[in-house]
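Here is what each chain is made of, one letter per residue.
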Amino acid sequence: MKKFRKVLDGLTTSSPGGGTVGSPSCGSAAGTPTAAAANTPKEVDVQETLVSENFQLCKTVRHGFPYQPTALAFDPVQKILAIGSRSGGVRILGRPGVDCFCQHESGAAVLQLQFLINEGALVTACADDTLHLWNLRQRRPAILHSLKFNRERITFCHLPFQSKWLYVGTERGNTHIVNIESFVLSGYVIMWNKAIELSTKTHPGPVVHLSDSPKDEGKLLVGFESGTIVQWDLRAKKTDFRIYYDEAIHSASWHHEGKQFMCSHSDGSLTVWNLRNTSKPVQVTFPHGKIQKDGKKESCKPILKVDYKTSRNSEPFVIFSGGLSYDKAGRRPTLTIMHGKAITVLEMDFPIVEFITLCDTPYNNEVQDPFAVVVLLEKDLIVVDLTQSNFPVFENPYPMDVHESPVTCTAYFADCPPDIIPVLYSIGAKHKKTGYSQKEWPVSGGMWTLGSHTYPEIIITGHADGSIKFWDASAITLQMLYKLKTSKVFEKPKQSEGRASELVDEDPFAVQTVSWCPQSRIFCVVGISAHIILYRFSKYDANTQIVALEVRLQCESEDVISPSENENNPCFSEPRSGSHSPQPHQQHPASPGGGTPEGVKDSALCLKVKDRVVRVPPGYQAELVIQLPWLDGEPPQQISSLDINSAYGLLALGNCNGLAVVDYLQKSLLLCMSTLDLYGAADPYQRLTRSPRRNRQSTSDVCMRGLSNFYSDSKKRIRTSYQSLTELSDNQQSVDMERSKSPTSVHYPSSLHNDPRVLPEPVASLRASHCSPVFYLLDNVKGPGRKLSLPTDLKTDLDHVNGHCTSPTSQPCSAGKPRIPTGPEGPRLARRGPGRPPFRKAQSAACMEISLPVSHTEGYASRRAMLQQLHGVAMYSHDEHHTTCWSERESRENSFSRSRSSSVSSIDRDTKEAITTLQFGESYGRKGDALPTPCLWVGTSLGVILLVPVSIPTDQDERMEEPVTIGPCGTVLMLKGSVLRFGFLDCVGALIQSPYEVWRDPNAPEDPDRPRKRKLVHHSPSSSQDACGEGHLAVVCSERQAKVFLMPSQSCLFVHNITESSFVLRADVVSVCNSVCLACFCANGHVMTLSLPSLRPLMDVSYLPMTDMRIARTFCFTNGGQALYLSSPTEIQRITYSQEMYDNLQEMLGELFTPIETPEAQNRGFLKGFFGGTAHTFDREELFGEAAAGKGSRSLAQHIPGQAGVEGMKVAASGAVGELARARVALDERGQRLGELEERTALMMTSAESFSKHAHELMLKCKDKKWYQL
């Protein structure tokens, strides 16, 4: 039998391609388009206008909250804010629209940020001990200089206002000085052993604080971690005083007069030191430490930072973070504001990373007058208003709440109807929060104007809590328009008691994918509980009752082959002979352990739809809920594809069991068929029957393998609950080790490697949809290292493919004896019961970070694992069949030998063929059709395309009463790989839009004179091509291949093998430069565009290596040459692949630097200047310059020239233009110094006149007096 199958395979693969059933082997080598038809029809004459010069790939803008922030800085003159992150990114924010992202190439964490105030420059200190100088005077900042420290680690930096010398503290306790202009080290060094007394026996520790005295710039305060504080006289090169304190220092802050300073310590205390007597602190306070009954103070957490700011009209402000007592468990992080005797504690939702107090003046020797505090949290950015007694927060104008609930899916719509954005905004504005400060947002720097190349754009994000957010993405900005909560459609899930309570899902409403028609404003949401919600938009509130419709899209349990009799990979079940349709009625299930069924059980739903009339506000209002129920203890398979058409009034959905079509106007089910039944007699595969099973298993046990097929065998990292962003880090060094530890991360024990015959309970619904970025967790693990009992919800099994283990563990495959659960660890079907969701917690695409090999040499296990998660089903792609190599152990366990043939025409294995994509459109269902009719195009995971004609009544009254007829016609087309996308062109190459219904408000008042009628807009394939003949072109893209078919002849005109070594993750037919093309994103990171219809390669750029599933699941293309993806769990990255937008990008971006005059320092007055101390002019150049201090050690730090930017910086580096630019800068500096000199001269003249006047008055007063009268 084996040899006979090989002979058949050889015969079938040699059959020619083209025609109704195209052979997957047709086509050319990768990268070469081929005209598949010998004689291209004359009526297809498309003049392609796109060329390679029309494409250029680049990043445009990044939205959202910076992921894993580490540093914060503010320019008080330019009023711009900078945030550094652990991945080496820097976000610079100004007024709304001014938002810039910079990335260090090294990827090292940003430790500290320092603005060159009002100079248009920024210094970053990174964890790789490198300093970088960024030029902010251009729309895209660039690094001018870098300085790499080789022997010492950077711990703290300080740049005095209007100084060009940067103080750099190191881990060894030394302080170096760097020239900002040349970015070279000065020979002047403050060595730690000179700063402390010679009698000190211990090292003072790393430098944790550096600041110059407000009273005298020549005095530098140096704080060491051990508690040592030194004031260093820069001129005399010696210490003025030394302070030794018992507790470690975290920060220090000066009083503006320079006579005292405050320190925060590790024991939760604040100390105030006066320069007149540094032997002991003037004041020691424990703000949150109470005295206990025994007389001792409570132990408190460290105060990580303190700011000491004075005010003209009130008491000073003391602002600090931390310091709470240890015994108060569960308290949230706090920011404490001490104003006089009043103490206000502000509780934060997330840990505080950094805060900065905003003041009216940039001078540290003037009264500060603080007006706000910028607080950077781990997952949020807030600004507190200090001018009001209740300390309200400002309303944040940036889209920092993208990750309010983990993002699980994205959708991008460019060139939307212009009226949709104002409508959504007006509805969403009614639900905005109140209680914000009435003052303007204080971060108001930069300049941004609406560019000329803008059009309405909307981004939709779905979230784990079931919420949907609509964002206005026009003109490369992002502003939330409207928020929709899908959970309001359902009753609240009931909490179970006892053991069953552990199985209650945490995110039952998580969004898998969305489908939106902007023209008709019909909106569909696919949820993780195997449900679909259909919404209509209305400007009026209404009382409505939501219609619930059950679709029983389950196959017969007899259709599933027991893995004990078949291969070790039982995900691909082959239906038995007989009826293969999903059962609309009750089934007789097999018990988990085998045997005969005891009876028939009723179906149950994961969620209960509200069955009463509910009041719904204006906006999107739920009309219909479609649910796939549990049947006889078996959970439903996840919905893998969805399409809706408002003109037809139809909704189609598919999963790995089959296809269902719903008439949402009549609220009825039209079609519910298995994938095999859709073929009829046109099935291109010879599906071999199997002998009866010995034991029965549930459908989900066989079809789905939990998470085991998700991971590659090389690198696997599972991120669990979305409790904190630091738990989802890329294994980088955390700033705070406690924050970086994930309480739910677990290394899977080898006990999870079990015989595949020992199956877990149903996990079928664990799969996400084709477009879904929802992931699932093993979150019953309560702590690191806790072992998992075998029969858990998400217990994964061993899946041997090509000799690799694709179970989510890094342990090698064990051939030992399997562990068979008994007793309480037996099958859990009865314990869970129907109605219980078949999943635990939905994890966002943002949270999942894994490494997957994409090269073909890794075997197809990795690729298949990824595809199963992308398509949401356990599927088999036939182009992988020839690469299968089975282990000896598997061969012994099975009752027959497997074919190693390269055939794609006979499948000698169980196949669970999933519906991967659906699209309604006007097309030709059969070869003989003369006119286009409504059709449903169906794509499967085996690369098969099925056409399903639909007959819809044309009259409106008949449409609401007469049934819609639908049924497969037997038309079958084929490609290599799982089908991803359909697109339709007319015979002149123009994109054919799907027909739609013009929106009308369903709740608008009735007009008796004008009865409401449906207004349909049809884009018929033959309407625009009277002179070009009839028919249209169908563009089909799979994970391997793209083809263009001519309809209705169904002949393949062009075919292009997109990739051989990788596979396509996302593909779409998009409009670019008044033409159309096919855009593809591959797993190896390549972004490609192909011309249409000839499939000629136009662009192929290796842009982004696919290192985690988040990118794969959230990447989406749209018209206008744009795309987006979730670059981190909290950020959306937008890119463009259009040369036109690339050229106009500079105009669209905001200006970070605007010319602003530096505010003048306050006039101290003659008497205050005369008697106020030694505020002499301090020339740092004389002390730190090369002439006085010499050059720094070359071995200590290495200077690295920057890339010079894109706006003339390269030209300025050399040549006459550069000399001229430097001359102009020098001239400006000279003019500025002359202006300062003139101001000082005028001040001296004023003081002299005042002195002369007082002296003259004194002389007149004493003129006529005798000496004894004086």
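Residues numbered from 1 in each chain as written. Predicted model: local features only at pLDDT ≥ 70, side-chain atom pairs only at ≥ 80, totals over all residues. Heavy atoms only, no water.

Novice: Just to check I follow, could you spell out the packing of aromatic side chains for this structure?
Specialist: Each aromatic ring pair is summarised here by two numbers: the centre-to-centre distance and the angle between the ring planes. Inspection of every chain in the model, using the stated rule, returns 27 aromatic pairs. Seen from their ring centres, F470 and Y482 are 5.9 Å apart, and the 45° between their planes marks the pair as tilted. Of the two residues, F470 sits in strand β32 (residues 467-472) while Y482 sits in strand β33 (residues 479-485), which places them 12 residues apart along the sequence. On the basis of relative accessibility, which here comes to 0%, the residue F470 falls in the buried class. A network of ring pairs unites the aromatic residues F413, F470, Y482, W516, F523, Y535, F537, Y620 and W999 as a single cluster. (Phe/Tyr/Trp six-rings, centres within 6.5 Å; stacked < 30°, edge-to-face > 60°. Helix = DSSP H or I, 4+ residues; strand = E, 2+ residues; numbered from the N terminus. Buried < 20%, exposed > 50% of the residue type's maximum accessible area, 1.4 Å probe, protein only.)

Novice: Teacher, can you tell me more about the nonpolar core here?
Specialist: The nonpolar side chains of a soluble globular protein tend to be buried with one another. Counting 33 residues, the largest nonpolar core has I458, I460, F470, W516, F523 and Y620 as the members making the most contacts within it. Setting aside anything within four residues of it in sequence, one finds W516 in contact with F413, C416, I420, I458, I460, F470, R521, I522, F523 and Y620. Residues A647, L650, I915 and I966 belong to the second largest nonpolar core, which totals 27 residues. (Core = buried A, V, L, I, M, F, W, Y, C linked by side-chain atoms within 4.5 Å. Contact = heavy atoms within 4.5 Å.)

Novice: How should I be thinking about the state of the cysteines in this particular structure?
Specialist: A covalent bond between the sulfur atoms of two cysteines is referred to as a disulfide. Enumeration over the complete set of coordinates arrives at 0 disulfides. In this structure C1080 is not part of a disulfide, and its nearest cysteine sulfur, from C1037, lies 4.1 Å away. (Disulfide = S-S within 2.5 Å.)

Novice: Please clarify how the pattern of salt bridges should be interpreted in this entry.
Specialist: Opposite charge on two side chains permits them to pair, given that their charged atoms come into close proximity. Enumeration according to the criterion identifies 32 salt bridges in this entry. Here R235 and D216 are joined by a salt bridge, their closest N and O atoms 3.2 Å apart. Of the two residues, R235 is situated in the loop between β17 (228-233) and β18 (238-244) and D216 in the loop between β15 (207-212) and β16 (219-224); the sequence distance between them amounts to 19 residues. Exposure remark for R235: the relative accessible area of 34% places this residue in the partly exposed category. Accessibility expressed as a relative area gives 6% for D216, which makes it buried. Where salt bridges share partners, they join R62, R91, D99 and E1131 into one cluster. (Salt bridge = Lys/Arg side-chain N within 4 Å of Asp/Glu carboxyl O.)

Novice: Before we go on, may I ask you to explain the environment of A342 in this structure?
Specialist: Note on placement: A342 falls in strand β26 (residues 342-347). Since its relative accessible area comes to 43%, A342 is described here as partly exposed. Along the backbone, A342 and S389 are 47 residues apart, and their C-alpha atoms lie at a distance of 9.9 Å.

Novice: Help me understand the sheet that holds strand β41 (residues 641-645) in this model?
Specialist: Within a sheet, each strand pairs with its neighbour through backbone hydrogen bonds, oriented either parallel or antiparallel. The 4 strands are arranged β41-β42-β43-β44 in an open sheet whose pairing can be described as antiparallel. Strands at the two margins of the open sheet, each flanked by one partner only, are β41 and β44 (668-674). Within the sheet, the average angular offset between the axes of one strand and its neighbour, ignoring direction, is 10°. Pairing of strand β42 (residues 650-654) with strand β43 (residues 658-663), which is carried by 5 bridges, proceeds in the antiparallel orientation. What sits directly across from G654, in β43, is L659. (Pairing = 2+ DSSP bridges. Axes fitted to C-alpha atoms, helices over the stretch in contact; angles between N-to-C directions.)

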